[in-house]
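Structural overview
Residue strings, one per chain:
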Amino acid sequence: MDFVNAIVALTNFVLIPAMTYGSQLALGALGVTMIYGILRFSNFAHGDTMAFGTMVTILFTWLFQSWGISLGPLPTALLAIPFGIAGTALMVLATDRVVYRFYRAQKAKPIIFVMVSIGVMFVYNGVTRIILGTDDIRFDDGERFIISAGDFKRSTGLAEGLGLKTTQAITVITAIIVVVALFWFLNRTRTGKSMRAYSDNEDLALLSGINPERVVMVTWLIVAGLITIAGVLYGLDKSYKPFTYFQLLLPIFAAAIVGGLGNPLGAIAGGFVIAFSEVGLTYAWKKVLGYAMPEALEPSGLVQLLATEYKFAVSFMILVVVLLFRPTGLFKGKSV
């Protein structure tokens, strides 16, 4: 029974949170890798664009709630996500037309785009703070748990409980659906094939008659969808705070680079590598080891390698190691 309790504790405190967090990072990293692979620059405004999309979704969520519209046991925010994606798409397309298009016409170097994206980041951050403020906002409603730890204990008779939040299940299922739809689009549709060709060889793609402005527009639309969904899922699972999304920029970029920048499959794998590393290194393993080891060998300390305050430092350490020893990432993307 102790071994079963160890497995339940491991699942409850490590596997489920890491799967959820990894799904959120994977969607965010897919946006980063698409911008880098097709538009050829690192978008430092990525995290604050995610915050903007989540903000729009929250506003529509509140509107629907004021009208008495809901999804019953599911969060009302799921109804508002399409409006959040539309708002984010309008924002990024307007930014591209007003800002990035000029530098593309000038054939500016990637570092110029990076610096410009930092300026865009500050503008987006200011907009979200002005509209929703800087405090934590919880916007999840409906049933909080699919199964609670207390119910699990009573039904199994185990000492350890297993809780599965509704938002955790929604996150993983939504991520799977979005990833499958994205890969189908990139591999099966004419527009998706044009985007891949443009990413592989821009000059040859232009000679083939591919419209570069159409490719850019579709890329921004897809990225708007990916990061809005990722941001909303993260906010539902935890809470919304603009600065938190700015902090997410590091693990999202780390996920994209670890997997292989420019490689969609690598972005997904990198998201889970970062998530499991962060959760595993900051979790106190005393409880799990106490169940799994003989009583004489039970640890007296927390067996926590890093405090939770240093969670984002894990991403940074992994990023440095990958850049030093394998700059193309696990799936051999573009060298950084």
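Before reading further, recall that the structure is shown in the block above.
Presented here is an overview of the structure given in this document. (Residues numbered from 1 in each chain as written. Predicted model: local features only at pLDDT ≥ 70, side-chain atom pairs only at ≥ 80, totals over all residues. Heavy atoms only, no water.)

Digging into the nonpolar core
- Leu 27, Tyr 240 and Leu 248 are the most contacted members of the largest nonpolar core, which has 79 residues in total.
- If we skip the residues at most four places from it in the chain, Leu 248 touches Tyr 21, Leu 25, Met 50, Tyr 234 and Phe 312.
- In terms of nonpolar packing, the next biggest core, distinct from the first, is built from eight residues, Ala 18, Val 279, Val 288 and Tyr 291 among them. (Core = buried A, V, L, I, M, F, W, Y, C linked by side-chain atoms within 4.5 Å. Buried < 20%, exposed > 50% of the residue type's maximum accessible area, 1.4 Å probe, protein only. Contact = heavy atoms within 4.5 Å.)

Observations regarding the side chain of Asp 48
- Note on placement: Asp 48 falls in helix H2 (residues 46-66).
- Here Asp 48 occupies a buried position and makes no salt bridge, while the nearest side chain of opposite charge, Arg 129, is found at 6.3 Å.
- Once residues within four sequence positions are removed from consideration, Asp 48 is found in contact with Met 121, Tyr 124, Asn 125 and Phe 246. (Helix = DSSP H or I, 4+ residues; strand = E, 2+ residues; numbered from the N terminus. Lys, Arg positive; Asp, Glu negative; His and termini not counted. Salt bridge = Lys/Arg side-chain N within 4 Å of Asp/Glu carboxyl O.)

Description of the pattern of salt bridges
- In this structure the tally under the stated criterion is ten salt bridges.
- Measuring nitrogen to oxygen at the nearest pair gives 3.5 Å for the salt bridge that ties Lys 165 to Asp 237. With Lys 165 in strand E2 (residues 164-165) and Asp 237 in helix H9 (residues 212-237), the pair connects residues that are 72 residues apart, well separated along the chain.
- Assessed through its relative accessible area of 16%, Lys 165 is described here as buried.
- You can call Asp 237 buried: its relative accessible area is 8%.
- Residues joined in a network through salt bridges with shared partners are Asp 96, Arg 101, Arg 104 and Glu 213.

Things to note about a nonpolar patch on the surface
- On the surface, a nonpolar cluster with roughly 480 Å² of combined accessible area is contributed by Leu 63, Trp 67, Ile 69, Leu 71, Leu 74 and Leu 79.
- Looking at the element boundaries, Leu 74 is found in the loop between H2 and helix H3 (77-105).
- On the accessibility criterion, Leu 74 (34% relative accessible area) is partly exposed. (Patch = residues over 30% accessible without salt bridge, like charges linked within 9 Å, V, L, I, M, F, W, Y side chains within 5 Å. Areas by Shrake-Rupley, 256 points an atom, 1.4 Å probe, with all protein chains shown as cover.)

Some details on empty space enclosed by the protein
- Within this structure, the stated rule accounts for two cavities of 30 Å³ or more.
- In this structure, the largest cavity spans a volume of roughly 40 Å³.
- Lining the largest cavity are Tyr 21, Gln 24, Leu 25, Met 50, Ala 230, Tyr 234, Leu 248 and Ile 252.
- Counting residues per element, the ones that place at least two in the lining of the largest cavity are helix H1 (2-39) and H9.
- Counting residues per element, the lining of the largest cavity draws most heavily on H1, at three residues.
- Taken together, the residues of the lining of the largest cavity sort by class into seven nonpolar, one polar and no charged.
- In this model, the second largest cavity occupies a volume close to 30 Å³.
- If you trace the second largest cavity, you find it lined by Asn 43, Ala 45, Thr 49, Val 92, Thr 95, Tyr 100, Val 120, Tyr 124 and Trp 220.
- Counting only elements with at least two residues in the lining of the second largest cavity, the list comes to H3 and helix H4 (110-132).
- Per-element tally for the lining of the second largest cavity: the top contributor is H3, with three residues.
- Residues belonging to the lining of the second largest cavity are distributed by class as follows: six nonpolar, three polar and no charged. (1 Å grid on protein atoms, 1.4 Å probe; cavity = no way out; pocket = protein on both sides within 12 Å on 5 of 7 lines; lining within 4 Å. Points joined across faces, edges and corners; volume = space filled by probe spheres on them. Nonpolar A, V, L, I, M, F, W, Y, C, P; charged D, E, K, R; others polar.)

Some thoughts on the environment of Ile 227
- Positionally, Ile 227 belongs in helix H9.
- Ile 227 sits in the buried class, given a relative accessible area of 1%.
- Measuring from C-alpha to C-alpha, the distance between Ile 227 and Thr 174 comes to 13 Å, with 53 residues separating the pair along the chain.
- In this structure Ile 227 touches His 46, Thr 49 and Met 50, once residues within four positions along its chain are discounted.

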